[in-house]
Amino acid sequence: MNASTKTSKTPIRTGYWANADLDEPDFTFLQDIMLTSELTMPIHLDDYLHGVCSVAALALHDIFGYQILSLYDVSEARGSGIKSKYSGSFPIIHDFCFDPKHDIYIDVRGICPDFDEFISEFDDFIEDPQNARDWTTKIGSAKKYRAANEDAMGKETFNYYYTAVAAWVKAHKEMYMVENA
């Protein structure tokens, strides 16, 4: 194959992944990005990385149509007998989205093409990070997942977090979508 027929595909990285140190990604600054400043319940972008990631995944799904994936604690699920990913007690480590067309992973940090880099933030919660893909499941019904989250959080709280992150995503679409896709 000569140089003119060779194509090199640049990995897609958007949002905060675009400038991240991939050897040691650090997203602690997300706690300084405020989405709402209501005194009773201020919301920071970090809340959607560590806390209410399910809400962000649902918003990304609703806005862009991405698949929702859940990284969960397999051992805890087995040990407690939890079988349904739509249960409020399902042991979620992190919910995020996946675009199979572009083979990319998406959450509030933006787009990252490398699964291992993407979930490295959660390595401390995974018994064997080398096999983290085995700890991931597809959420097939966004409607059921939304209902489970509304039940677990309370509908009013869910809507409060959902409205804030959906507004953020819509205002920063370039962080969460592939250009010319």
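This section reports on the structure supplied with the text. Fair warning: this is a prediction, and the values are worked out from it, not measured in the lab.

**Considering the sheet that holds strand 3 (residues 67-72)**
A sheet is described by the order of its strands in space; here five strands give the open sequence 6-5-4-3-7, paired in antiparallel fashion. Looking along the sheet, the strands with just one partner apiece sit at the ends: strand 6 (110-112) and strand 7 (136-139). Neighbour-to-neighbour, the strand axes of this sheet turn through a mean angle of 35 degrees, independent of strand direction. Relative to strand 5 (residues 104-107), strand 4 (residues 92-99) is paired through three bridges, and the arrangement is antiparallel. From the neighbouring strand, Phe98 faces strand 5, where its bridge partner is Tyr105. Packing against the sheet, helix 1 (residues 53-64) makes contact with strand 3, strand 4 and strand 5, and its axis sits at approximately 15 degrees to strand 4.

**Side note on the packing of aromatic side chains**
Note on aromatic pairs: each is described by the distance of the centres and the angle between the planes. Evaluated as defined, the whole model comprises 14 aromatic pairs. Relative to Phe29, the ring of Tyr16 has its centre 5.2 Å away and its plane inclined at 70 degrees; by these criteria the two rings are edge-to-face. Placement of the pair is Tyr16 in the segment before strand 1 (34-36) and Phe29 in the segment before strand 1, with a sequence separation of 13 residues. For Tyr16, a relative accessible area of 23% gives the class partly exposed. Under the relative-accessibility criterion, Phe29 is labelled partly exposed at 33%. In textbook terms, an aromatic cluster arises when at least three aromatic residues are bridged by ring pairs, as seen for Tyr16, Trp17, Phe27, Phe29, Phe96, Phe98, Tyr105, Phe115 and Phe118. Over the ring of Phe27 we find Arg109; its NZ or CZ atom is 5.1 Å from the centre of that ring.

**Observations regarding the nonpolar core**
Among soluble globular proteins, nonpolar side chains are generally buried collectively. Ranked by internal contacts, the top residues of the largest apolar core, which has 58 residues, are Tyr48, Val55, Leu71, Ile106, Val108, Val165 and Tyr176. Sequence-distant contacts of Ile106, that is, excluding residues within four places in its chain, are made with Leu60, Tyr66, Phe96, Cys97, Phe98, Asp99, Ile111, Phe118 and Tyr176.

**Some remarks on helix 4 (residues 142-153)**
In a regular helix each residue adds 1.5 Å, so 12 residues correspond to 16 Å; helix 4 covers 16 Å between its end C-alpha atoms and thus fits that length. Structurally, helix 4 contributes buried residues whose contacts are with helix 1, strand 3, strand 4, strand 7 and helix 5 (155-171). The positive-phi residue at the C-terminal boundary of helix 4 is Gly154, with phi of around 95 degrees.

**With respect to a negative patch on the surface**
A cluster of acidic residues, Asp21, Asp23, Glu24 and Asp26, forms a negative patch on the protein surface. Counting through the fold element by element, Glu24 comes out in the segment before strand 1.

**A look at unusual backbone geometry**
At Asp103, a position not held by glycine, the phi torsion is positive, near 55 degrees. Asp103 gets classed as partly exposed once you look at its relative accessible area, which sits at 44%.

**As for the pattern of salt bridges**
Under the criterion given, the structure shown has three salt bridges. Salt-bridge contacts for Arg146 lead to Asp62; the nearest nitrogen and oxygen are separated by 2.3 Å. One end of the pair, Arg146, is in helix 4; the other, Asp62, is in helix 1, and 84 residues separate them in sequence. Taking relative accessible area as the criterion, Arg146 reaches 22% and is therefore assigned partly exposed. Looking at Asp62, the relative accessible area reads 37%, which means it is partly exposed. Linking Asp107 and Arg109 is a salt bridge whose minimum nitrogen-to-oxygen distance equals 2.8 Å. Exposure remark for Asp107: the relative accessible area of 3% places this residue in the buried category.

What counts, and where the lines are drawn
- Residues numbered from 1 in each chain as written.
- Predicted model: local features only at pLDDT ≥ 70, side-chain atom pairs only at ≥ 80, totals over all residues.
- Heavy atoms only, no water.
- Pairing = 2+ DSSP bridges.
- Helix = DSSP H or I, 4+ residues; strand = E, 2+ residues; numbered from the N terminus.
- Axes fitted to C-alpha atoms, helices over the stretch in contact; angles between N-to-C directions.
- Contact = heavy atoms within 4.5 Å.
- Phe/Tyr/Trp six-rings, centres within 6.5 Å; stacked < 30°, edge-to-face > 60°.
- Buried < 20%, exposed > 50% of the residue type's maximum accessible area, 1.4 Å probe, protein only.
- Lys NZ or Arg CZ within 6 Å of the ring centre and 35° of its normal.
- Core = buried A, V, L, I, M, F, W, Y, C linked by side-chain atoms within 4.5 Å.
- Expected span 1.5 Å × (residues − 1).
- Patch = residues over 30% accessible without salt bridge, like charges linked within 9 Å, V, L, I, M, F, W, Y side chains within 5 Å.
- Areas by Shrake-Rupley, 256 points an atom, 1.4 Å probe, with all protein chains shown as cover.
- Salt bridge = Lys/Arg side-chain N within 4 Å of Asp/Glu carboxyl O.
- Lys, Arg positive; Asp, Glu negative; His and termini not counted.
- Charge placed at Lys NZ, Arg CZ, Asp CG, Glu CD.

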